[in-house]
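# Structural features, examined
Read off the chains here:
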Amino acid sequence: MSDLLWFLFVLAAVGVVTYKSMPLNTSLIAVGAALALATIVGSLGFFSWLLFAIIAVPLAYEPIRKDIISTKLLAFYKKVSPEMSQTEQEAIDAGTVWWDGELFSGKPDWQKLHAIAKPKLTEEEQAFLDGPCETVCGMVDEWQINHVDADLPQEIWDYLKEHKFFAMIIEKKYGGLEYSAYAQSRVLQKLAGVSAVLSSTVGVPNSLGPGELLQHYGTKDQQDYYLPRLAAGDEIPCFALTSPEAGSDAGAIPDKGIVKKGMFNGKEVLGMSLTFSKRYITLAPVATVVGLAFKLHDPDGLLGEQEDLGITCALIPRETEGLQIGRRHFPLNVPFHNGPVKGEDVFVPLSYIIGGEQMAGKGWRMLMECLSVGRCITLPSSAAGGAKQLAMATGAYARIRRQFRLPIGQMEGVEEMLARIGGNAYLMDAVTSLSTAGVDLGQKPSVISAICKYHLTEKMRTAVNDSMDVHGGKGICLGPTNYLGRAYQGTPISITVEGANILTRNMMIFGQGAMRCHPYVLDEIYAAQVEDKKEQLDAFDKAVWGHIGFAFGNTLRSLWFSVSGNRLSSAPVADSTARYYRALQGYSANLAFLTDISMGVLGGSLKRRERLSARLGDVLSHLYLASAVLKRYDEQGRLIEDLPFVHWAMQDSLSQIDIAIDDFIRNFPVKPVAWMLRAFVQPFGKRFDKANDEIEHQIAHMLQNPCSARDRIGEGQYLARVEGSLFGDLEQTLETIIKVEPIFDKICKDLGEKLPMTQLDKLAERALTAKIISEDDAELLKEAEAGRLRTINVDDFDPQELLMSTSKNVKKRTASRKKTAKAA
């Protein structure tokens, strides 16, 4: 019996070093020490040491390990590892690993998360939000912009330029605002809450484009000339990347430049002949300078021996001969400026290359580095701002609008949608806060940016669909008082641009995440590419044995957490959120375990199994989204009032992780391995359900009643109670309706009647005559009735108004087509 106990003791030592993923030699020493103790005190002897020696000696003695084991592993790795194109390599190399690396580690350090400083606005940034940003939101007339002018009015264009909205990323020494990523996010959230046209017009110049590229890679002459002009609004930039034949596969753009000599401004210079056709280029119709991505070729060797130089970025002034821009696309009736850019044999000097001649062929790396930052800010922030505005508006509308003698927000079907809107708004704001904090710390989080872009735009789609359902007819009838219709129409645009969501989910998040965030995979890839055989084996040996220890550790951790239901793992807090920290720690181990098994079993074919990759990407994504929620709750002071939002968001993310893991295992192609995965990861089935009805009832109630938790959901949004502000009017009407409810109940009680809460102005006169209420109460009832009618009524038009608009547009289109055909 004692032999068995000492054997279990040694086995426990093996388990501990494996669980903690100790270095190989440290692990062997620890197990050897345990075996020695068992031999001296207990009765374990020769056969135990023989078994240990058979395993330990080849592993510990480097020459044997490398020559016998690592060499074979390297040969196998080269055989099964997927090929990587140059563009994929550059995309992976471009970004940095941050908190996403911790989530991939199997044992995230929560102290690191909590130690990330809470992002804050400077006094200057706060003044900009409270001043120019608030003012320009008040200048917006969505109906005029979208239906009448198909453009921002000139006064808004002038205001944006005057107050440097296009220069938030440009350094102050060039006349820019040089705001933090967090400040940019808050600005875009506010603008997006009132107008997609406004937010996209401001967002694009502050995202991927000439300004960003010039600051990082431009020559001094380029910076000195363009950046002050961009900051002042004298130049409007666009960036032309997408081609008709290369949308999601941007690295396959057919647009080309040929290095040659030619005449430019009356002189012969060394330059490029550019032929390109681009589309979907935001701000192109009004741009004064076009950033252009193309593949540069040097067939005559004018720059060196390399003929195909690769993707290159250049700046082309609008007046350049042969450059064709000005026509517009019409994206889903949301008329932000967007259109095609074309040119054939357009000759420009090499000095037009961003960064000059030495940056020829380095454009893809430039784009990937800048995109990893911009994708964290522009679209996620716009989506979060939209969702926050919808949460406020839909909550107010659900309290004001009544059916069956009660606010529709008290109906359980509506409560479900309100909870989803509110919970997602809380989560989305948390994600933008954490992500921009990372950018401000100097990170270029390519994986996190893909997570943010995909999940926040998808959640915005869910929020606007739910809001439309709650509003019913109010949402579907377009007109000056409809604050939902254009958002509903335009939401698919954000799904499509900056990397379509199908591509982002199925190929980018896990495809990049597994390589960028895994602590050893990228090292193995690089090691296998080393030309010197000895250096190659040395580097691979170090990486692969680190990987093996990592894999064994996460296998044990994954099993331990799954069997124990995460109950025995640690958490940095002791309140009701502790179980979420423990769960995320277990799911992190599950992700690392599933990733290593998948790579080992499927090898290069995993890259082609996009749906399996997407599900692992979903696990990583929801780990990040959930940790952002915990971070927000912690940095805002762990306010008990916010717990329903926290519980909803956490349980939604954790249940989605469970679903993704279940789907992954059910569809794993090697069934014996799938059975093993089930036993190690979900032995008792799924662990989390979505939030229950009580939590959703609490959220719905908060969105319909002014309170500090509701204020935090709408923090920073445009809700000014001024004439013409639809959202401000909703807020005012909500408060007025809540004030008159007890007055209305008193009238019904004193009259002995069950009355519908309609025609409150007439009811006020009746109650005043009956001396049930005061003059002030009567005025409040009349004010409530006026606001209630403004809220529930929809716009209507004389038939000729719509016919004349349609006829006018048809005539314009016909004339334009005739003109184009004649020119051709």
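## Considering the overall build of the protein
Each helix and strand in the protein was counted, giving 32 helices and eight strands. Residue burial in the protein is summarised as follows: out of 824 residues, 55% are buried. Counting only carbon and sulfur atoms, one obtains 56% of the accessible surface of the protein, whose full area is about 35,700 Å².

## Quick look at the pattern of salt bridges
Think of it this way: side chains of opposite charge can pair up when their charged atoms draw near. All told, the structure shown has 35 salt bridges when counted by the stated rule. Linking E635 and K631 is a salt bridge whose minimum nitrogen-to-oxygen distance equals 3.6 Å. Here K631 and E635 lie together in helix α24 (residues 610-635), a separation of four residues that amounts to about one turn. Judged on exposure class, the residue E635 and its partner K631 are both buried. Salt-bridge contacts for E785 lead to R788; the nearest nitrogen and oxygen are separated by 2.9 Å. Here E785 and its partner R788 are both found in helix α31 (residues 775-792), three residues apart, which amounts to about one turn of the helix. By relative accessible area, R788 is classed as buried at 9%. Salt bridges linked by common partners bring R186, K388, D429 and R632 together as one network.

## Description of unusual backbone geometry
Although it is not a glycine, E178 sits at a positive phi angle of roughly 50 degrees. Structurally, E178 can be placed in the loop between α10 (154-162) and α11 (181-192). Residue classification places E178 among the partly exposed residues on the basis of a relative accessible area of 44%. Even without being a glycine, N265 presents a positive backbone phi close to 55 degrees. Inspection of the secondary structure puts N265 in the loop between β2 (256-264) and β3 (267-282).

## Topic: the packing of helix α13 (residues 210-217) against helix α15 (residues 363-400)
Remark: α13 packs on α15, axes separated minimally by 10 Å, with the N-to-C direction vectors making an angle of 115 degrees. Of the two possible hands of crossing, α13 and α15 adopt the one that is right-handed. For the pair formed by α13 and α15, the contact residues are E212, L213 and Y217 on the first element and R365, M366, L367, E369, C370 and V373 on the second. Of the residues that constitute the contact of α13 with α15, the class distribution is six nonpolar, no polar and three charged.

## Quick notes on the nonpolar core
In globular proteins that are soluble, nonpolar side chains generally tend to be buried together. Judged by nonpolar contacts, the single largest core of 214 residues is most densely connected at L198, L367 and Y624. Broken down by element, the residue count for this core peaks at 20 residues, all from α15. Here Y624 is in contact with W98, W99, L103, V431, L434, S435, I448, I451 and C452, once residues within four sequence places are set aside. In this structure, V521, A527, A528 and F540 belong to the second largest nonpolar core, which totals twelve residues.

## Structural notes on the packing of aromatic side chains
When we look at a pair of aromatic rings, we describe it by the centre distance and by the angle of the planes. Under the criterion given, the structure shown has 14 aromatic pairs. Centre to centre, the rings of Y159 and F165 are 6.4 Å apart; their planes meet at 45 degrees, and the pair counts as tilted. Their ring planes at 40 degrees and their centres at 6.5 Å tell us that Y580 and F688 sit as a pair that is tilted. Remark: F688 occurs in the loop between α26 (671-681) and α27 (693-703) and Y580 occurs in helix α23 (residues 578-602); sequence separation between them is 108 residues. Accessibility expressed as a relative area gives 12% for F688, which makes it buried. Put simply, the rings of F128, Y159, F165 and Y179 touch in pairs and so form one group of aromatic residues.

## Observations concerning the pairing of strand β1 (residues 237-240)
Residues P237 and F239 point to one face of β1 and C238 and A240 to the other, with burial holding for every one of them. Inspection of the sheet shows β1 paired to strand β4 (residues 289-297) by four bridges, in the parallel sense. Each bridged residue has a counterpart across the sheet, and for P237 the counterpart in β4 is V289.

## A word on the packing of helix α16 (residues 412-440) against helix α17 (residues 446-471)
Taken N-terminus to C-terminus, the directions of α16 and α17 make an angle of 155 degrees; their axes are 9 Å apart at the nearest point. The pairing of α16 with α17 is recorded here as roughly antiparallel in orientation. Like other packed secondary-structure pairs, α16 and α17 cross with a definite hand, here left-handed. From α16, V414, M417, R420, I421, N424, L427, M428, V431, T432 and S435 reach across to α17, where they touch I448, C452, L456, K459, M460, T462, A463, D466, S467, D469 and V470. Its residues placed into classes, the contact of α16 with α17 shows twelve nonpolar, five polar and four charged.

## Quick look at the side chain of E212
Here E212 lies in helix α13. For the buried E212, which has no salt bridge, the nearest side chain bearing the opposite charge is K444, at an N-O separation of 7.4 Å. Apart from the residues lying within four places of it in its own chain, the contact partners of E212 are I169, S207, C370 and V373.

## Regarding the side chain of D298
Here D298 is to be found in the loop between β4 and β5 (308-317). In this structure, D298 is buried with no salt-bridge partner, the nearest side chain bearing the opposite charge being K261 at 11 Å. Non-local contacts of D298, meaning those with residues more than four positions away in its chain, are made with V259, L303, G304, Q306, E307 and L309.

## Topic: helix α20 (residues 501-516)
In the structure, α20 departs most strongly from a straight axis at M508, where the bend amounts to approximately 35 degrees. Within α20, twelve of the 16 residues are buried, which leaves the element mostly enclosed by the surrounding structure. Those residues of α20 that fall on the buried side of the exposure criterion are N501, L503, T504, N506, M508, I509, F510, Q512, G513, A514, M515 and R516.

## Section: the pairing of strand β6 (residues 338-349)
Buried residues dominate β6, accounting for nine of its twelve residues. Direction of pairing for β3 relative to β6: antiparallel, over a ladder of nine bridges. From the neighbouring strand, S273 faces β6, where its bridge partner is F347.

## Let's talk about the environment of H697
With respect to the helices, strands and loops of the structure, H697 is situated in helix α27. Taking relative accessible area as the criterion, H697 reaches 34% and is therefore assigned partly exposed. As a C-alpha pair, H697 and A419 span 278 residues in sequence and 7.2 Å in three-dimensional space.

## Let's talk about the confidence of the model for the protein
For the protein, the average pLDDT comes to 88, and 88% of its residues sit at 70 or higher. In the model, residues 820-824 has pLDDT below 50 throughout and makes one contact with residues more than four positions away in sequence or in other chains.

## Observations concerning α27
Among all positions of α27, only I695, E696, I699, A700, M702 and L703 are buried. Along the axis of α27, the buried residues cluster in a sector spanning 160 degrees; they form a single face. For α27, the elements touching its buried residues are α15, α16, α25 (643-666) and α28 (708-713). Taking the backbone nitrogen of E694 as reference, a side-chain oxygen 3.1 Å away marks N692 as the first, capping residue of α27.

## Some words on the environment of C477
Among the structural elements, C477 can be located in the loop between α18 (473-476) and α19 (485-496). Residue C477 is classed as partly exposed on the basis of its relative accessible area of 30%. The sequence separation of C477 and V794 amounts to 317 residues, and the corresponding C-alpha distance is 6.5 Å. Ignoring any residue separated from it by four or fewer positions in sequence, one finds C477 in contact with N482 and V794.

Analysis parameters
Residues numbered from 1 in each chain as written. Predicted model: local features only at pLDDT ≥ 70, side-chain atom pairs only at ≥ 80, totals over all residues. Heavy atoms only, no water. Helix = DSSP H or I, 4+ residues; strand = E, 2+ residues; numbered from the N terminus. Buried < 20%, exposed > 50% of the residue type's maximum accessible area, 1.4 Å probe, protein only. Areas by Shrake-Rupley, 256 points an atom, 1.4 Å probe, with all protein chains shown as cover. Salt bridge = Lys/Arg side-chain N within 4 Å of Asp/Glu carboxyl O. Axes fitted to C-alpha atoms, helices over the stretch in contact; angles between N-to-C directions. Left-handed = near helix turned anticlockwise from the far one by under 90°. Contact = heavy atoms within 4.5 Å. Nonpolar A, V, L, I, M, F, W, Y, C, P; charged D, E, K, R; others polar. Core = buried A, V, L, I, M, F, W, Y, C linked by side-chain atoms within 4.5 Å. Phe/Tyr/Trp six-rings, centres within 6.5 Å; stacked < 30°, edge-to-face > 60°. Pairing = 2+ DSSP bridges. Parallel < 35°, antiparallel > 145°, perpendicular 65-115°, else oblique. Lys, Arg positive; Asp, Glu negative; His and termini not counted. Bend = angle between axes of the 7 residues up to and from the residue. pLDDT = per-residue confidence, 0-100. Arc of directions from axis to C-beta. Polar contact = N/O pair within 3.5 Å; in protein donor to acceptor, adjacent residues only side chain to side chain.

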